[in-house]
Amino acid sequence: MNRDWSTLGPILLESVRETLYMVSITIGVGGFLGLVFGVLLYATRKGNLLQNAVVFTVLNVAVNIVRPIPFIIFITAVGPLTLATIGTTIGNNAVIFAMSIMAAFVTARIVEQNLVATDPGVIEAARAMGASRLRIIVTVLIPEALAPLILGYTFLLIGIIDMSALAGYVGGGGLGNFAIVYGYQRFNWEVTFVTVLVIIAIVQLAQLLGNWFARKALHR
Amino acid sequence: MTSVISFRDATKVFGGGPDAVRAVDSVTLDIARGEIFGVIGYSGAGKSTLVRLINALETATSGQVIVDGQDVTTLREAELRKVRAGIGMIFQQFNLMNSRTVAGNVGYPLKVAGWSKQDRRRRVGELLEFVGLTDKARSYPAKLSGGQKQRVGIARALATSPSILLADEATSALDPDTTQDVLALLRRVNRELGVTIVVITHEMDVVRSIAHRVAVMEHGKVIEHGRAYDVFAAPRERATQRFVASTLQDRPSPDVLDRLRHRHPGRMITVTVREGDGYGTGDSRVDGVGGSGGSGVDVLAALRRHGVDGTIVFGGITEIDERPFGSLTVELTGDDAAIDALIADLRRATDVHDLGIGDAPSDRTTADVVGGSPPEASTGEGDEPDADPYGFAMDAIRRHGGPR
Ligand SMILES: Nc1ncnc2c1ncn2[C@@H]1O[C@H](COP(=O)(O)OP(=O)(O)OP(=O)(O)O)[C@@H](O)[C@H]1O
Ligand SMILES: [Mg+2]
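Residues numbered from 1 in each chain as written. Chains lettered and ligands numbered in written order. Predicted model: local features only at pLDDT ≥ 70, side-chain atom pairs only at ≥ 80, totals over all residues. Heavy atoms only, no water.

With respect to the overall build of chain B
Condition: Helix and strand assignments follow DSSP, with helices taken as H or I runs no shorter than four residues and strands as E runs no shorter than two, numbered in order from the N terminus. The cut-offs for exposure are 20% and 50% of the maximum accessible area for each residue type, with area from a 1.4 Å probe on protein chains only; residues under the lower value are buried, those over the upper are exposed, and the others partly exposed. Note on contacts: a residue pair is in contact if any heavy atoms of the two residues lie within 4.5 Å. In these tables, accessible area is a Shrake-Rupley quantity obtained with a 1.4 Å probe, and a residue counts as shielded only by the protein chains included in the view.
A count of helical and extended segments in chain B gives 13 helices and 14 strands. For chain B, with 404 residues in total, the buried portion stands at 54%. Of the contacts made within chain B by residues no fewer than 6 positions apart, 67% connect residues no fewer than 24 positions apart. Just so you have it, chain B exposes about 17200 Å², and 48% of that area is on carbon and sulfur atoms.

Brief notes about the UniProt feature "domain: ABC transporter" (unreviewed entry) in chain B
Our working rule: UniProt positions are given in the numbering used here, feature names are shortened, and annotations may be inferred rather than shown by experiment.
Per the UniProt annotation, the sites labelled "domain: ABC transporter" (unreviewed entry) are residues 5-244 of chain B. As a span, residues 5-244 of chain B carries 39% helix and 27% strand, and end to end its C-alpha atoms are 26 Å apart.

Some thoughts on the site of ligand 1
Residues and elements named next belong to chain B. Note the following rule: Near, as used in this document, describes a residue that has one of its heavy atoms within 4 Å of the molecule or strand being considered. Between N or O atoms, a polar contact is any pair within 3.5 Å; within protein, one atom must be a potential hydrogen donor and the other a potential acceptor, and residues adjacent in sequence are included only when both atoms are from side chains.
What surrounds ligand 1 is the set Phe14, Val21, Ala23, Tyr42, Ser43, Gly44, Ala45, Gly46, Lys47, Ser48, Thr49 and Glu169. Residue Lys47 places a side-chain N or O atom 2.8 Å away from an oxygen atom belonging to ligand 1. One of the side-chain nitrogen or oxygen atoms of Thr49 is found 2.5 Å away from an oxygen atom of ligand 1. When ligand 1 sits alone it has 640 Å² of accessible area, and the protein chains cover 58% of it. Those elements giving two or more residues to the shell around ligand 1 turn out to be strand E2 (21-32) and helix H1 (47-54). Among the elements that make up the shell around ligand 1, the one with the highest residue count is H1 (3 residues).

Comments concerning helix H5 (residues 92-116) of chain A
For an α-helix, the turn length of 3.6 residues means that residues three or four places apart are oriented alike. Operational definition: Each helix should span, by expectation, one fewer than its residue count multiplied by 1.5 Å.
Taking 1.5 Å of rise per residue, 25 residues should cover 36 Å, and H5 of chain A covers 35 Å from first to last C-alpha, within 8% of that figure. Counting buried positions along H5 of chain A gives 21 out of 25 residues, so the element sits mostly inside the fold.

Digging into the UniProt feature "domain: ABC transmembrane type-1" (unreviewed entry) in chain A
In the numbering used here, UniProt assigns the "domain: ABC transmembrane type-1" (unreviewed entry) feature to residues 16-210 of chain A. The annotated region residues 16-210 of chain A carries 79% helix and 0% strand content, and the separation between its end C-alpha atoms amounts to 20 Å.

A word on the pattern of salt bridges
Where we set the bar: Whenever a carboxyl oxygen of Asp or Glu lies within 4 Å of a side-chain nitrogen of Lys or Arg, that contact is scored as a salt bridge.
Throughout the structure, instances matching the rule amount to 21 salt bridges over all chains. When the shortest N-O distance is used, the salt bridge between Asp354 of chain B and Arg267 of chain B registers 2.7 Å. You can see Asp354 of chain B sitting in strand E14 (residues 352-356) and its partner Arg267 of chain B sitting in strand E11 (residues 267-274), a full 87 residues away along the chain. Take Asp354 of chain B: its relative accessible area is 2%, and that puts it in the buried class. For Arg267 of chain B, a relative accessible area of 17% puts it in the buried group. Taken together, the shared-partner salt bridges connect Arg45, Arg109 and Glu112 of chain A into one network.

Some words on the interface of chain B and chain A
Which entries qualify depends on this criterion: Here the buried area means the combined drop in accessible surface, using a 1.4 Å probe, for two parts upon being joined, counting both sides.
Contact residues are listed per partner, giving 24 residues for chain B and 20 residues for chain A. When the two sides are added together, the surface that chain B and chain A hide from each other amounts to roughly 2100 Å², 52% of it contributed by carbon and sulfur. Among the residues of chain B in contact with chain A, Arg81, Tyr108 and Val112 of chain B are the three that bury the most area, contributing 23% of the side total. Between the two partners, chain B and chain A, sit 2 salt bridges. Between Glu77 of chain B and Arg133 of chain A there is a salt bridge whose closest N-O contact spans 3.8 Å. Seen at the junction of chain B and chain A, the total is 8 residue pairs in polar contact (both at pLDDT 80 or more). Elements with a contribution of two residues or more to the side of chain B that touches chain A: helix H2 (77-85), strand E6 (87-91) and helix H3 (102-112) of chain B.

Remarks on the nonpolar core
Across soluble globular proteins, nonpolar side chains have a tendency to be buried as a group. In plain terms, the rule: In plain words, nonpolar cores are sets of buried Ala, Val, Leu, Ile, Met, Phe, Trp, Tyr and Cys residues tied together by side-chain atoms within 4.5 Å.
Among the nonpolar cores identified, the biggest contains 95 residues, and Phe71 and Phe74 of chain A together with Ile5, Phe7, Ile54, Tyr108 and Val198 of chain B are the most heavily contacted of them. Among the elements that line this core, the one with the most residues is H5 of chain A, at 13 residues. Discounting chain neighbours no more than four positions away, the residues touching Tyr108 of chain B are Ala126, Met129, Ala131, Arg135, Thr139 and Val140 of chain A together with Met97 and Arg100 of chain B. In this structure, Ile154, Leu158, Ala170 and Ile210 of chain B belong to the second largest nonpolar core, which totals 35 residues.

Re helix H10 (residues 189-218) of chain A
All names here are of chain A. Under the 1.5 Å per step criterion, the end-to-end length of H10 is 43 Å for 30 residues, consistent within 8% with the ideal 44 Å. Of the surrounding secondary structure, the elements contacted by the buried residues of H10 are helix H1 (5-43), helix H8 (146-164) and helix H9 (175-184). Residue His219 follows H10 closely and has a positive phi angle near 55°.

Some words on the side chain of Asn188 of chain A
Residue and element names in this part refer to chain A. Mapped onto the secondary structure, Asn188 falls in the loop between H9 and H10. Residue classification places Asn188 among the buried positions, given a relative accessible area of 6%. Looking at Asn188, its side chain comes within polar contact range of the main-chain nitrogen of Glu190, at 3.1 Å.

This is how it looks when you write it as structure tokens:
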């Protein structure tokens, strides 16, 4: 087997860098949009702060439609939109665009589910103090649900790393592409194995950090 | 008596069609500035909904709710926020933010009200001192006991110096000792800070110990209201009678009475013990009996004077609105004529329920109002013809010039 790590090593590092780049932009953009959608999903539900049947139904249906689409199909499906926004349908940025949209819808549900668990009594108390709805969302709702939200985002991060592995299919880079090009296509099990180890390490690190922050946020 | 909160035919209906619930049904009620007003009723009676109309957490379906001269049913959300900021509220489950420290929780309404950081810190310090939790400022709520949490809740509710405090089952999640601590704190809030407090509860003990006036709710309606002492000393409505009976339990129920008669075959009477006028100037009173209107000690003095022996066989005396109330059931032994004279004497000062003797019971106990049929009137000599056992209590209160 070819084990020329002196040439593969730098490529692997570059792939790690690319993966981290794709993942962090996606979690930033998609995670933020998902937070907004998730809060809206929660708050527009009947009986909640911003009760609004139209907004709720539109968001709810959109999330239900987008979420189950396999990502590899989704990348091509949003192609025209990607082209219009990014100017191209191939490469890392095109993948980031598709990932961010998918992440936003996935996050929306994760956020909504975590917010549902917050104690409505606390929100009522804030209302009784004369706080505005927006203030309640930002200074009560989200802080109260912070610990589960952090765990939700950790889960999301790992899902995004998974999605990013498909970037190679549309001319993007990253660890997934590295494993396919240098491992799978060259029948080099060692490369595949090492890549898997690297991904496991990244995921473990993310999970450890997530758990640590979540515990910090719990105040128990 | 200026009223700070007025309900005018206030109604709140949840839902529509056949499933509509009239949670609050045409309530007209005035709550005076500076009083502690109790709202009592069984679960689902509409108590929470009623108080939530005050700070417009619920908007009335019809009618008016006037708070500090403003009809809150006509206000828009932005204006309501100002009204709400002037009304403190505490809750059964405390509703503290677990993500903030004690100081953070207490300071939150000040933040909402736009106080500077420096002013907030000073005010939070004052408040925590008032509720005795200065050393817990940096703790998180999860580390506090229930009583401490509620004290944080009270400090938070008082942060912006509201003139009204709403307490929704504020002690229902606490043990009896802690309940007393929290009630004592609420009493201080009322006395020292002059805050009008509306206390909702299904626990008779709570209203009994702190409310000046009380409203009893059932099926969304206020079925009875007035001074706490009047309402509980002479409850007119069945629900109220059940509440009174459930806490006081000072009068023997029929089965208890049967057992008592077994052990005490002599003539038994139940003497109502309540606060007298304390001046002893009333014309209808006999020396030594009416002096302070039927307090427990005077009953004994009267026994002595008439040469009758008495054994206390049942009873209970408690406080309503800080005034004594209850009854003693006594088995009397002595000369029949002396006993009759004693009873006549006592009747001039308080209510006496003649239970007769074991072989010839002259009456059922008043406690059986709980069970169902209204008690029969006493047939004892010199008795006032009263179908309602509490009716004569009411008369007696009137005779005594009524509670203050
Ligand atoms: N948001 C709501 N939507 C529909 N029905 C409601 C709502 N809030 C209260 N109700 C109904 O209104 C009635 C009165 O409720 P409320 O909570 O005021 O009673 P309560 O006297 O406070 O009872 P509890 O002692 O159990 O707290 C109940 O039948 C309840 O089911
Ligand atoms: Mg309630």
